[in-house]
Amino acid sequence: MSLPEPFRLAAFVLGILSFVGLNAAYLVWVEPNGAGRFQRRPGPTEAGPAGLLQPIADALKLMSKQLIVPPGVDATLFRTAPVLVMIPALVGLAVIPFSEKLVALDVNFGLLLVFALGSINVIAVMLAAWSSRNKYAIIAAARVVSQNIAYEIPMLLVVITVILSSGTLNLNEIVRQQEGWFWNWNAFKVWVNPLAPFTFLIFFTCMLAETNRAPFDMAEAESELVAGAYTEYSSMGFGVFFMAEYANILLGCAIGTVLFLGGWQSPIGMFSGAIWFLLKMYFLVFTVVWIRWTFPRTQFYGLLNLSWKILIPVSLFTLLLSSAMLKLL
Amino acid sequence: MIPKEPLPSTDSSHETFVLNIGPQHPATHGVLRVKVKMEGEYVLRAEPVVGYIHRMQEKMGENRTYNQFLPNTSRMDYLSALIYSHAFVGAVERGLKLQVPPRAEYIRVITSELNRISSHLVWWGAFLLDLGGFTPMLYAFDDREKILDLLEAITGSRLTYSYFRIGGLCNDVDDEFVSGARAFVKHMRPRLKMYRALVTDNIILRKRLEGIGPIDAEMCRKYGATGQVIRAAGVPYDVRRAEPYSVYPEMDFVVPTCKEGDSMSRYIVHMEELAQSLRIIEQGLDKLPSGPVMAEKVPRVIKLPAGDYCHAVEAARGRFLVRITSDGKDFPYRVKLRTPCLSNLSLFEEASRGMLLADALALMGSLDLVIPDIDR
């Protein structure tokens with residue numbers, strides 16, 4: 001299937017927008033349902049069959065609320081921040097290969113693009129908090145910045161180990177190299193990098209921290225900081241942050257799938273396709289939800305200690321080890 | 001890992017600001033307000049402001065009869081209402097020199113301990129909620145529901161029971177309650193094991209609580225802190241042992257203590273008390289005698305002979321004492337209520353100095369505060 005260029009792009013823009021929109025909306029449904037199962041309660045059941053219309057009801061409710069811009073805030077930044085937090089997640093998905101053919105932008109620097117855009121997220125949350133002129137929000141802003149700096153480093157270090165072994169920044173190419181049975185996936189390739197499973201765990205931990213998810217939800221620690229960076233937001237301003245959180249989880253899990261779990265490759269070496277990609281990605285998403293409803297929040301200095309004292313040394317060591325392995329083999 | 005002597009105080013190059021936590025804030029679980037002077041994320045001085053839900057309980061005691069005041073005792077620490085009623089009826093019974101029938105005393109102890117478990121479960125869930133763990137709350141309420149059902153069946157209400165009467169109980173318990181309580185004990189023991197595996201031994205929780213907010217016995221004495229706070233500091237002070245009342249002397253249980261005095265010790269003392277309460281309930285059910293549940297010759301109009309009458313109990317959060325001063329009329333002359341939470345809160349300012357905000361809130365959660373009990 002190949003459309004001429006402008007139409008292909010338009011189709012993909014539409015596709016990604018609806019993919020993110022639907023997923024974000026229905027992750028909002030999955031989250032309370034998953035939480036319900038973990039907490040021995042039914043979760044949403046009233047709106048529509050099995051509560052399936054709940055996200056739509058939530059969105060309608062949020063949209064019908066007044067968008068309050070409190071006096072004294074920097075109105076421009078206050079309004080820009082939700083937009084800024086949403087865009088990187090949307091654009092980042094453009095380079096993700098859903099299957100061998102199904103990719104909006106099959107570019108050679110795809111990985112670089114995703115991580116470059118991903119760092120905008122921090123600035124957006126910081127802007128939101130800073131422009132709110134709220135003490136809780138400003139504390140949250142300080143936390144977000146130090147947390148994201150601390151976790152971007154080990155994340156990029158483990159990603160570099162993958163780049164080293166695959167020798168390309170093209171995401172589709174990285175997936176192609178993981179062809180065959182599941183032990184060919186980067187997370188299990190112990191003959192290339194003996195610590196491969198650990199690199200995946202480090203990546204996943206950093207992804208949780210980057211997306212401000214529990215147990216690293218410092219920016220939104222509601223028992224300490226009310227709603228953290230989003231304290232002053234109401235209506236869809238808050239709704240967009242909420243959706244962006246899920247869009248970012250989706251993006252993070254998609255990258256994890258592509259880099260470490262073989263993307264659209266099937267685990268048994270045949271019948272590869274988009275279905276495998278989605279299965280793996282949603283499994284990661286489910287794990288994210290699972291972790292959130294199981295663990296209490298970490299302490300802030302504990303979080304920074306984990307990064308600077310454990311994750312960064314370990315990921316540096318894996319980098320060293322895998323480069324040495326590459327040189328030797 | 002915890003910053004020892006942080007921060008600087010008066011140097012004007014440092015910027016400080018005041019953060020108002022509460023009276024509506026998710027961490028205060030009620031209308032408590034804490035004025036926190038902060039430097040960055042460090043607490044320089046946290047000043048609790050109380051009184052938002054003050055109802056003049058002591059004054060109310062002076063202008064109504066003893067029986068009319070009895071329901072008020074359930075409305076201070078609403079989570080352990082039965083235990084509070086026990087102190088009040090105990091003080092009045094001392095004044096009247098009433099002999100409460102043994103069956104009534106046993107039922108008082110059994111229901112009080114059930115109430116203590118339900119109170120500790122709420123604390124456990126809410127504390128974990130403070131620490132960002134959402135799920136334990138629902139599990140705790142699941143278990144608490146069973147207790148509430150049991151107590152509802154005999155008292156008719158689920159929170160503010162007013163089940164104890166001066167001289168005995170409002171009504172006897174039936175066999176269904178006895179078998180239900182036994183079933184609950186059986187149900188709860190494996191649950192406690194599960195809580196231990198799932199939450200207490202969780203490394204994130206341990207890192208979060210160990211060494212946070214140490215409170216030593218000296219500080220407890222200074223502020224009059226009791227309950228889990230002083231027991232976590234290594235002092236085995238429990239009113240049930242120190243000033244025995246009711247049938248507690250006949251019960252076999254230990255007073256759990258810890259040495260460190262940090263938030264984790266308070267957590268562990270709470271969890272250990274759950275197991276001890278289960279033991280007391282089991283023994284109480286085994287020994288439950290038959291007989292009446294109301295003393296004979298309880299006067300219709302209660303008038304205490306002039307004098308001072310005290311009764312202390314070990315409430316779910318510490319020592320609760322009722323002191324009634326009577327001048328021989330049918331209204332008390334003065335009712336003094338010594339509640340544990342006010343003393344436990346008053347050490348917060350000293351204990352939280354120099355802590356990170358998140359740690360200070362964890363410390364506040366571990367003090368197990370019930371706001372209407374502070375303000376009363």
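Residues numbered from 1 in each chain as written. Chains lettered and ligands numbered in written order. Predicted model: local features only at pLDDT ≥ 70, side-chain atom pairs only at ≥ 80, totals over all residues. Heavy atoms only, no water.

Considering the overall build of chain B
What counts, and what does not: Strands here are runs of E lasting at least two residues and helices are runs of H or I lasting at least four, both read from the DSSP assignment and numbered beginning at the N terminus. For this measure, only C-alpha atoms enter the radius of gyration; the expected value for a globule follows 2.2 Å times N^0.38, where N is the number of residues. Each residue is assigned to one of three classes by its accessible area relative to the maximum for its type, calculated with a 1.4 Å probe on protein chains only: buried under 20%, partly exposed between the two thresholds, exposed over 50%. Here, residues are in contact when the closest pair of their heavy atoms is within 4.5 Å. Where accessible areas are quoted, they stem from the Shrake-Rupley method and a 1.4 Å probe; at the residue level, only the protein chains shown are allowed to cover. In this count, Lys and Arg are taken as positive residues and Asp and Glu as negative ones, while His and the chain termini are left out. By convention, charge coordinates are those of NZ in Lys, CZ in Arg, CG in Asp, or CD in Glu.
Summing up its helical and strand segments, chain B has 15 helices and eight strands in all. On C-alpha atoms alone, chain B measures out to a radius of gyration of 21 Å, which is about the 21 Å that the 2.2 N^0.38 rule sets for 376 residues. Out of the 376 residues belonging to chain B, those deemed buried represent 59%. Restricting to contacts in chain B with at least 6 residues of sequence separation, those with at least 24 account for 71%. Roughly 14700 Å² of accessible area belongs to chain B as shown, and the carbon and sulfur atoms make up 54% of that amount. Positive and negative side-chain charges of chain B, numbering 48 and 47 respectively, have mean locations separated by a distance of 3 Å.

Topic: the overall build of chain A
The secondary structure content of chain A amounts to twelve helices and zero strands. Ordered by position from the N terminus, the helices and strands of chain A form the series α-α-α-α-α-α-α-α-α-α-α-α. Dimensions along the principal axes, computed over C-alpha positions, put chain A at roughly 65 × 50 × 45 Å. A total of 329 residues make up chain A; the buried ones form 53% of that total.

Some thoughts on the confidence of the model for chain B
We apply this condition: pLDDT: the predictor's confidence for each residue, scored from 0 to 100.
For chain B, the average pLDDT comes to 86, and 96% of its residues sit at 70 or higher. Across the assembled chains, the prediction reports ipTM 0.73 with pTM 0.82.

Brief notes about the environment of A:Val145
Residue and element names in this part refer to chain A. You can see Val145 is positioned in helix 6 (residues 135-166). Along the sequence, Val145 and Ile120 sit 25 residues apart, while their C-alpha atoms lie 11 Å from each other. Among residues more than four places away in sequence, those in contact with Val145 are Val122 and Met126.

Section: the side chain of B:Glu41
What counts here: Two N or O atoms form a polar contact when they lie within 3.5 Å of each other; inside protein one atom must be a possible hydrogen donor and the other a possible acceptor, and for residues adjacent in sequence the pair counts only when both atoms belong to side chains.
With respect to the element layout, B:Glu41 can be found in the loop between strand 2 (33-39) and strand 3 (42-49). Polar side-chain contacts of B:Glu41 include one of 2.6 Å to the side chain of A:Arg143. Each residue touching B:Glu41, except ones within four places of it in the same chain, is listed here: A:Ile139, A:Arg143, B:Met355, B:Leu356 and B:Leu357.

Notes on the interface of chain B and chain A
In plain terms, the rule: For this document, the term salt bridge refers to a Lys or Arg side-chain nitrogen within 4 Å of an Asp or Glu carboxyl oxygen. Residue type decides the class: Asp, Glu, Lys and Arg count as charged, Ala, Val, Leu, Ile, Met, Phe, Trp, Tyr, Cys and Pro as nonpolar, and the leftover types, Gly among them, as polar.
Taken together, the contact between chain B and chain A spans 34 residues of the former and 24 residues of the latter. Connecting chain B to chain A are one salt bridge. Between B:Glu41 and A:Arg143 there is a salt bridge, with the nearest N and O atoms lying 2.6 Å from each other. Counting the contacts that link chain B with chain A gives five residue pairs in polar contact (both at pLDDT 80 or more). Here the side of chain B that touches chain A takes five residues from strand 1 (residues 17-21) of chain B, the largest share from any one element. Its residues assigned to classes, the side of chain B that touches chain A shows 22 nonpolar, six polar and six charged.

Comments concerning the pattern of salt bridges
Residue and element names in this part refer to chain B. Under the defined criterion, the tally for this structure stands at 32 salt bridges over all chains. Taking the shortest distance from any N to any O, the salt bridge between Arg231 and Asp238 comes out at 3.7 Å. Of the two residues, Arg231 and Asp238, neither departs from the other in class, the shared state being buried. A salt bridge links Glu349 to Arg353, with the nearest nitrogen and oxygen atoms 3.0 Å apart. What you see here is one network of salt bridges that share partners, running through Glu113, Arg116, Arg231, Asp238, Arg240, Glu273 and Glu314.

A word on the environment of B:Ile107
Residue and element names in this part refer to chain B. Mapped onto the fold, Ile107 is located in helix 4 (residues 102-130). Expressed as a C-alpha distance, the spacing of Ile107 and Leu288, which sit 181 residues apart in the sequence, is 7.6 Å. Aside from chain neighbours lying at most four places away, what touches Ile107 is Tyr163, Leu169, Asp172, Val173, Leu288 and Val293.

Describing a nonpolar patch on the surface
We count it as follows: Within the patch definition used here, like charges are joined within 9 Å and nonpolar side chains (Val, Leu, Ile, Met, Phe, Trp, Tyr) within 5 Å, considering only residues with over 30% relative accessible area and no salt bridge.
A contiguous nonpolar surface patch, about 930 Å² in accessible area, is contributed by A:Trp181, A:Phe182, A:Trp183, A:Phe188, A:Val190, A:Trp191, A:Ile268, A:Met270 and A:Phe271. Along the chain, A:Met270 falls in the loop between helix 10 (235-260) and helix 11 (274-292).

Some words on the packing of aromatic side chains
Residues and elements named next belong to chain B. Worth spelling out the cut-off: Only the six-membered ring of Trp is used, alongside the rings of Phe and Tyr, when aromatic pairs are assigned; centres must lie within 6.5 Å, and planes under 30 degrees apart are stacked while those over 60 apart are edge-to-face, with the rest tilted.
The tally for this structure, following the rule as stated, stands at 20 aromatic pairs over all chains. Relative to Tyr267, the ring of Phe127 lies with its centre 6.4 Å away and its plane at 40 degrees, an arrangement referred to as tilted. A residue pair is termed long-range when its members are at least 10 positions apart, and Phe127 in helix 4 and Tyr267 in helix 11 (residues 263-287) qualify at 140 residues. Given a relative accessible area of 1%, Phe127 falls into the buried group. Residue Tyr267 is classed as buried on the basis of its relative accessible area of 0%.

So, the nonpolar core
Put simply, the test is: Throughout this description, the term nonpolar core refers to a set of buried Ala, Val, Leu, Ile, Met, Phe, Trp, Tyr and Cys residues connected via side-chain atoms within 4.5 Å.
In terms of nonpolar packing, the biggest core is built from 123 residues, with A:Ile96, A:Leu171, A:Phe203, A:Leu259, B:Ile215 and B:Phe348 touching the most fellow members. Considering every element that reaches this core, the biggest residue donor is helix 10 of chain A, with 13 residues. Apart from residues lying up to four places away in sequence, A:Leu171 is in contact with A:Val95, A:Ile96, A:Pro97, A:Gly110, A:Leu111, A:Val114, A:Val258 and A:Leu259. Counting residues in hydrophobic clusters, the runner-up holds 84 residues, among them B:Met264, B:Met271, B:Leu321 and B:Leu337.

Remarks on the sheet that holds strand 2 of chain B
The test is simple: Between any two strands, pairing holds if DSSP finds at least two bridges. Angular values range over 0 to 180 degrees, each being the angle between N-to-C directions of two axes fitted as lines to C-alpha atoms, with helices fitted over their stretch in contact.
Sheet architecture is open: three strands sit in the order 1-2-3 (chain B), paired in antiparallel fashion. Edge positions in the open sheet fall to strand 1 and strand 3 of chain B, since each of these has one partner strand only. Direction aside, neighbouring strands of the sheet carry axes that sit 25 degrees apart on average. Looking at chain direction, strand 2 of chain B and strand 3 of chain B are connected through seven bridges and run antiparallel. The residue of strand 3 of chain B that forms the bridge with B:Val34 is B:Pro48. Each of strand 1 and strand 2 of chain B is contacted by helix 6 of chain A, which is oriented at about 110 degrees to strand 1 of chain B, the strand it contacts most. Strand contacts of helix 14 (residues 357-366) of chain B: strand 1, strand 2 and strand 3 of chain B, with the helix running at about 35 degrees to strand 1 of chain B, the strand carrying the most contacts.

A word on the packing of helix 8 (residues 196-210) of chain A against helix 11 of chain A
All names here are of chain A. The condition is simple: In this scheme the crossing of two helices becomes right-handed for a clockwise turn of the near helix relative to the far one and left-handed for an anticlockwise turn of less than a right angle.
Direction vectors running N to C along helix 8 and helix 11 enclose 60 degrees, while the axes themselves pass 12 Å from each other. The element helix 8 and its partner helix 11 pack so that their crossing is right-handed. Here Phe200, Phe204, Met207 and Leu208 of helix 8 come into contact with helix 11, specifically with Leu284, Thr287, Val288 and Ile291. A per-class count over the contact of helix 8 with helix 11 returns seven nonpolar, one polar and no charged.

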